[in-house]
Structure formats: structure tokens, C-alpha cells
Amino acid sequence: MKWPIQTIAELTMRLLMPPAFISSPASMKKGTAISGTWDGATVASTELDQTRLADAQSIARALSALQRNSQVRDAVQASDSLRAYLADNREQIGGLQNSSGLTADSLNQLDMVDNLFGTIKSQLDVSAELKPALGNLQIPLAKLALLDPRFFVDQSHSARNVVDKLSRLASSANFPNKVLESRINNIVDGIICDYENDASVFDTALDKIEKLLTLMNTSDRTSAQVKQLAQAHAADLEIRIGQMQSMHDTLSRLAKSCKGDHRPDCPILDSLAREES
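Residues numbered from 1 in each chain as written. Predicted model: local features only at pLDDT ≥ 70, side-chain atom pairs only at ≥ 80, totals over all residues. Heavy atoms only, no water.

Moving on, we get to the overall build of the chain. When you go through the chain residue by residue, the secondary structure sums to 13 helices and four strands. Expressed as a percentage of its 277 residues, the buried residues of the chain come to 44%. Looking at the chain alone, contacts between residues at least 24 apart form 66% of all its contacts between residues at least 6 apart. When the accessible area of the chain is evaluated, it comes to approximately 15100 Å², of which 53% is carbon and sulfur surface. (Helix = DSSP H or I, 4+ residues; strand = E, 2+ residues; numbered from the N terminus. Buried < 20%, exposed > 50% of the residue type's maximum accessible area, 1.4 Å probe, protein only. Contact = heavy atoms within 4.5 Å. Areas by Shrake-Rupley, 256 points an atom, 1.4 Å probe, with all protein chains shown as cover.)

This is the structure in C-alpha cells:
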């Protein structure tokens, strides 16, 4: 996949000068420290309350809370951009309420991720069946870009290769293919479910993608190879089913132990608090 030229140009500028001193609009003096507004503009940092500025860490934590919500993922894809979605809903998103704006670096990263997924949506030859699945990666990849800016500049970064090679697999030339579609959706679901702060999730996903690409590119593949692929898919599904069943059993047990009355003590909240600590 060819990455957007504008994205690379922006990254080059960021590499040459620290984000707090990126050359800003003509109305500002050169070298003025800048911050970002939620509508995507850059302003002199003196215009915003710096104590209420959302930084990369706080935005990444907010994205973690949204990542597994399918309704949010759909809303982001229907929105103009992820940044626009966050701007419109920040008062309902933990960690972003009452924020005066965001750091210039965070604004750059969010806008570059939006640029990337805008290209996937509008320009790449990706099967219509798979565009929503690839779009579901926008939130976890935005979180990754905020926490690890190497995602954009390191061509060998596993997450970047995940996007590149998934886009190749999702090419319309490979479809219709229900088995491949299911495998790609399974890989994307794995990233959404498993990625917190450990980028090794993308290494695991990349290994699965490369095996799929090898199989797709082997014209003389045997039925044994196809059987192996099906068995691997079934094993992945069993793991997911086990995880979901465990979550179901835990929530059911906690719900039964909760009296559901007006008192503040609640075993469900107590259990969640212990998991957070």
C-alpha cells in the first residue's frame, strides 16, 4: 500500500523540528509555541489553558475505553474523522471532559491517522465487504500512533505492515471469498480485543496475515494446506469463544451477587476496581 504523500510530508516536518515549535499560521511569529484545538486548528499556546490540555497519554486512555465498543467504531467510520468524533463527544468521554484542546503533537498524530484511513476508504482497491473491518482498526492504530510515533516513520513497524498487508489481502481481486473474509475479520477482531499497550499484538496479527498471503500466492497449494488454514481458524475461534464465555460467566456471577438496591456497595464495581488496580 502506498502511504499518503501528505502524511509523509507532515512527518518529515515533525522530524525536523519539535512539535511545540512547528511553524504556525502567518499571524503568529515564527517559533511561537503552539497547541491544537479540537476543530483541528493550531493556535498560540497562550490562547489555551495548558493545565486542561489533552496530551497523548490521556487521549490514548480515552481511546482504550472506546476501542471495543462496536457502536463507537461505526460512528467513527460515519464521522468526518476520528478527531471530529472525539471533538463532538469529548464531554461524554472519560479523560477528555472539560479539555481546552490538545497538544500539537497529538493533533498531528490524530490527523495523520485520519489521513491514512481516509485513503483506505476512498482510494484503495479494497473489497466493499472488508472496508468496515479495516476501518475498525482506526481507533487502536490511533492509540498506537499516540503512544509510539515510530508507527509512521519506521517502514518495518509491525503495525504498519499489518495495515499494508491486510489492504493487499482485502483487494477486490480476492473476493468474493467467505473463508478469507472470515479470517481477516478474525484478525481485526483479535487486535481490537487484545491491544492495550503491548504492540506485540501486531506481531501476532502480522504472522497470521503473512501465512494467509503465502497461501493466497501459492497457485499449487494443496488441500492439506487449506485444511491447515481451516484448522487454525477453528482454533482461533475456540479461543475467542472461551474468552467470551468466561466474560459471560463472570458477569452473570457478579450480577447474581449484586442486591441491586439503593446502597452504594456493589460487588460488580468492587470486582472492576480490583481489576483496574
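Once that is clear, we can look at helix 10 (residues 178-194). Helical periodicity: at 3.6 residues per turn, an α-helix aligns residues three or four positions apart in one direction. Compared with the 24 Å implied by 1.5 Å per residue over 17 residues, the 24 Å span of helix 10 between its first and last C-alpha is a close match. The complete set of buried residues in helix 10 reads Leu180, Glu181, Arg183, Ile184, Asn186, Ile187, Val188, Gly190, Ile191 and Ile192. (Expected span 1.5 Å × (residues − 1).)

A positive phi angle, close to 65°, is found at Asn98, a residue other than glycine. Take Asn98: it is sitting in the loop between helix 4 (82-89) and strand 4 (101-103).

To continue, consider the confidence of the model for the chain. Per-residue pLDDT for the chain has a mean of 81; in total, 75% of the residues score no lower than 70. Note on residues 15-23: pLDDT is under 50 here. Beyond four places in sequence and across chains, it has 17 contacts. (pLDDT = per-residue confidence, 0-100.)

What follows is about the environment of Ala56. Take Ala56: it is sitting in helix 2 (residues 56-66). Spatially, the C-alpha atom of Ala56 lies 9.7 Å from that of Leu110, the residues being 54 residues apart in sequence. With near-sequence residues (within four places) excluded, Ala56 lies in contact with Thr103, Ser106 and Leu146.

Note that Ser81 resides in the loop between helix 3 (70-78) and helix 4. Here Ala84 takes part through its backbone nitrogen, which lies 2.9 Å from a polar atom of the side chain of Ser81. (Polar contact = N/O pair within 3.5 Å; in protein donor to acceptor, adjacent residues only side chain to side chain.)

Inspection of every chain in the model, using the stated rule, returns two aromatic pairs. Note on Phe151 and Phe152: the rings are 4.9 Å apart at their centroids and 65° apart in plane angle, and the pair reads as edge-to-face. What makes Phe151 buried here is its relative accessible area of 0%. For Phe152, a relative accessible area of 1% translates into the label buried. (Phe/Tyr/Trp six-rings, centres within 6.5 Å; stacked < 30°, edge-to-face > 60°.)

Turning to the environment of Gln109, a few remarks are in order. Topologically, Gln109 is positioned in helix 5 (residues 104-122). When its relative accessible area of 1% is taken as the criterion, Gln109 is described as buried. Separated by 35 residues in the primary sequence, Gln109 and Leu144 have C-alpha atoms spaced 9.7 Å apart.

Reading across from one edge, 2-1-4-3 is the order of the four strands in this open sheet, with mixed pairing throughout. Whereas interior strands pair on both sides, the edge strands pair on one side only; in this sheet they are strand 2 (42-44) and strand 3 (53-54). Relative to strand 2, strand 1 (residues 34-36) runs antiparallel, the two sharing three bridges. Looking at the pairing, Ile34 lines up with Ala44 of strand 2. On the sheet, helix 5 packs against strand 1, strand 2, strand 3 and strand 4 and is oriented at approximately 90° with respect to strand 4. (Pairing = 2+ DSSP bridges. Axes fitted to C-alpha atoms, helices over the stretch in contact; angles between N-to-C directions.)

In this structure the tally under the stated criterion is eight salt bridges. One salt bridge connects Asp111 with Arg83, and the closest N-O pair in it is separated by 3.1 Å. Here the residue Asp111 occupies a position in helix 5, and Arg83 occupies one in helix 4, the gap between them amounting to 28 residues. Classification of Asp111 by relative accessible area gives partly exposed; the value is 27%. Between Lys165 and Glu210 there is a salt bridge, with the nearest N and O atoms lying 2.8 Å from each other. Of this pair, Lys165 sits in helix 9 (residues 158-169) while Glu210 sits in helix 11 (residues 200-216), and the two are 45 residues apart along the sequence. Overall, Lys165 belongs to the buried group, its relative accessible area being 16%. Taking the relative accessible area as the measure of exposure, Glu210 reaches 33% and is therefore partly exposed. (Salt bridge = Lys/Arg side-chain N within 4 Å of Asp/Glu carboxyl O.)

A few words on the environment of Gln57. With respect to the helices and strands, the residue Gln57 is situated in helix 2. Spatially, the C-alpha atom of Gln57 lies 8.9 Å from that of Lys143, the residues being 86 residues apart in sequence.

Further remarks concern the packing of helix 2 against helix 4. Direction vectors running N to C along helix 2 and helix 4 enclose 90°, while the axes themselves pass 13 Å from each other. Overall, the two elements helix 2 and helix 4 adopt an arrangement that is roughly perpendicular. Contact residues: helix 2 offers Ile59, Leu63 and Leu66, while helix 4 offers Leu82, Tyr85 and Leu86. Of the residues that constitute the contact of helix 2 with helix 4, the class distribution is six nonpolar, no polar and no charged. (Parallel < 35°, antiparallel > 145°, perpendicular 65-115°, else oblique. Nonpolar A, V, L, I, M, F, W, Y, C, P; charged D, E, K, R; others polar.)

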